[in-house]
Amino acid sequence: MCGSCRELIKEIHLYRNALIKTGLKKGLTDPMTIKFSQILDELIFRFQSKCK
């Protein structure tokens, strides 16, 4: 696995944890929770496109 794919995995884990914590603390419709979700979606898309 290439270095950039490893970095994407690290970022995915980071934002997934942030999404879970924020969602539990502030709710699923909080703007920060939604922002983390959007970032996570983009990171997962990049990982799937680049690191198959």
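Residues numbered from 1 in each chain as written. Predicted model: local features only at pLDDT ≥ 70, side-chain atom pairs only at ≥ 80, totals over all residues. Heavy atoms only, no water.

### Remarks on the environment of Ile-12
Phase 1: One can find Ile-12 in helix α1 (residues 3–26).
Phase 2: When its relative accessible area of 14% is taken as the criterion, Ile-12 is described as buried.
Phase 3: For the pair formed by Ile-12 and Gln-48, sequence separation is 36 residues and the distance between their alpha carbons is 12 Å.
Phase 4: Setting aside its immediate chain neighbours within four residues, Ile-12 contacts Leu-40, Leu-43, Ile-44 and Phe-47. (Helix = DSSP H or I, 4+ residues; strand = E, 2+ residues; numbered from the N terminus. Buried < 20%, exposed > 50% of the residue type's maximum accessible area, 1.4 Å probe, protein only. Contact = heavy atoms within 4.5 Å.)

### A word on the pattern of salt bridges
Phase 1: Inspection of the entire model under this criterion finds one salt bridge.
Phase 2: The shortest N-O distance in the salt bridge between Glu-7 and Lys-10 comes to 3.7 Å. Here Lys-10 and Glu-7 lie together in helix α1, a separation of three residues that amounts to about one turn. (Salt bridge = Lys/Arg side-chain N within 4 Å of Asp/Glu carboxyl O.)

### Observations regarding the state of the cysteines
Phase 1: Enumeration according to the criterion identifies one disulfide in this entry.
Phase 2: Covalent S-S linkage joins Cys-5 and Cys-51, the inter-sulfur distance amounting to 1.9 Å. Looking down the S-S bond of the Cys-5 and Cys-51 bridge, the torsion is -100 degrees, so its handedness is left-handed. Here Cys-5 is found in helix α1, whereas its partner Cys-51 is found in the segment after α2 (31–50), with 46 residues between them in sequence.
Phase 3: Judged by its relative accessible area of 15%, Cys-51 falls in the buried class. (Disulfide = S-S within 2.5 Å.)

### Re α2
Phase 1: End to end, α2 covers 29 Å across 20 residues, agreeing with the expected 28 Å (1.5 Å per residue, within 8%).
Phase 2: Along α2, the residues classified as buried are Thr-33, Phe-36, Leu-40 and Leu-43. Taken down its axis, α2 places every buried residue within 90 degrees of arc, on the same side. Those residues of α2 that are exposed and angled more than 90 degrees off the buried face are Pro-31, Asp-41 and Phe-45.
Phase 3: Buried positions along α2 lie against α1.
Phase 4: Measuring from the backbone nitrogen of Met-32 back to the side-chain oxygen at the start of α2 gives 3.0 Å, which picks out Asp-30 as the cap. (Expected span 1.5 Å × (residues − 1). Arc of directions from axis to C-beta. Polar contact = N/O pair within 3.5 Å; in protein donor to acceptor, adjacent residues only side chain to side chain.)

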